[in-house]
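Chain by chain, the residues:
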Amino acid sequence: MTYDPIDIIYRTLTTRERLGPYGWFARQVAAHPIRTGFLGGLTAIAIALIRGWEGARTMPEAAFILCLLVLVVWTVLFFFMRSFFESQTQERLEVVRRIQLDPDNGFVWSQGSTILCEESKPLWRLCRAPEEQNTPDNDEKPWLVWLVMTSEDDPAARLDKKVLFTLETKLMWKEARGYPIEHHTSDEKLPTHVASPLLERGRDAMSITLM
């Protein structure tokens, strides 16, 4: 099948593990909140004693109680903040990605100089998400669909081929209801107007299959 080459460049957000000292610290607290809280309390106590040793020596009982309170507060605080530190182990970055598709070179999905996925003989199909509630009574309601890419070289049956790339977008119910129900994990999400050229490849493939 011949078609015009497709070249889509877009920005998206991606999540990666936070690097550097803060990322390391957040991972330690998230994994061991009680231990790191206890060590943090001991550190705070050590600093306080070094700076106020004369006062602690004068009133050792009061100093002991204060040190114990500091230790408990730090430990409890870190324990209850473990979810916050877990969220800090990841960071969201804006990246530029590119999807290229042409009859000669096939499909290439890249991020900068990194190839995320490529296939010389892509095979496409469209499918829709199952109805979580009642079937829509409005044909213009947006419905989640997936554009699924497999390989023509895969010897398995059409629906048993290994899925290489899955694009999530939305189509009106009047079109989406004509596609089979499947469930997939999305590799990429694009709005309909951006994904439109790729959707045409899926529509063409579905029309040939259903003939």
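Figured I'd write up the structure that's included with this text. (Residues numbered from 1 in each chain as written. Predicted model: local features only at pLDDT ≥ 70, side-chain atom pairs only at ≥ 80, totals over all residues. Heavy atoms only, no water.)

So, about the pattern of salt bridges. Applying the stated rule across the entire model yields 13 salt bridges. Notably, a salt bridge pairs Asp7 with Arg98, separated by 2.6 Å at the nearest N-O pair. Of this pair, Asp7 sits in strand β1 (residues 6–17) while Arg98 sits in strand β2 (residues 90–102), and the two are 91 residues apart along the sequence. By relative accessible area, which is 44% here, Asp7 ends up partly exposed. For Glu200, the salt bridge goes to Arg203, with nearest N and O atoms at 2.6 Å. (Salt bridge = Lys/Arg side-chain N within 4 Å of Asp/Glu carboxyl O. Helix = DSSP H or I, 4+ residues; strand = E, 2+ residues; numbered from the N terminus. Buried < 20%, exposed > 50% of the residue type's maximum accessible area, 1.4 Å probe, protein only.)

Looking now at the packing of aromatic side chains. On inspection of all chains with the given rule, the structure shows 9 aromatic pairs. Geometrically, the ring pair formed by Phe25 and Phe85 is edge-to-face, given 5.8 Å between the ring centres and 85° between the ring planes. Of this pair, Phe25 sits in helix α1 (residues 20–31) while Phe85 sits in helix α5 (residues 82–87); the two residues are 60 residues apart in sequence, bridging distant segments of the chain. The ring of Phe79 has Arg82 sitting right over it, with the charged end atom 4.1 Å from the ring centre. (Phe/Tyr/Trp six-rings, centres within 6.5 Å; stacked < 30°, edge-to-face > 60°. Lys NZ or Arg CZ within 6 Å of the ring centre and 35° of its normal.)

A few words on the sheet that holds strand β7 (residues 165–172). Pairing is mixed in the open sheet, where 4 strands are placed in the order β5-β6-β7-β8. Only two strands of the sheet have a single partner each, and these edge strands are β5 (122–128) and β8 (188–189). Two elements, β5 and strand β6 (residues 142–151), share 7 bridges in a ladder whose sense is antiparallel. When the bridges of β6 are listed, Leu123 appears paired with Thr150. (Pairing = 2+ DSSP bridges.)

All right, on to the environment of Ala129 then. With respect to the helices and strands, Ala129 occurs in the loop between β5 and β6. Here Ala129 falls in the buried class, since its relative accessible area comes to 12%. Between the C-alpha atom of Ala129 and that of Val145, which follows or precedes it by 16 residues, the distance is 5.9 Å.

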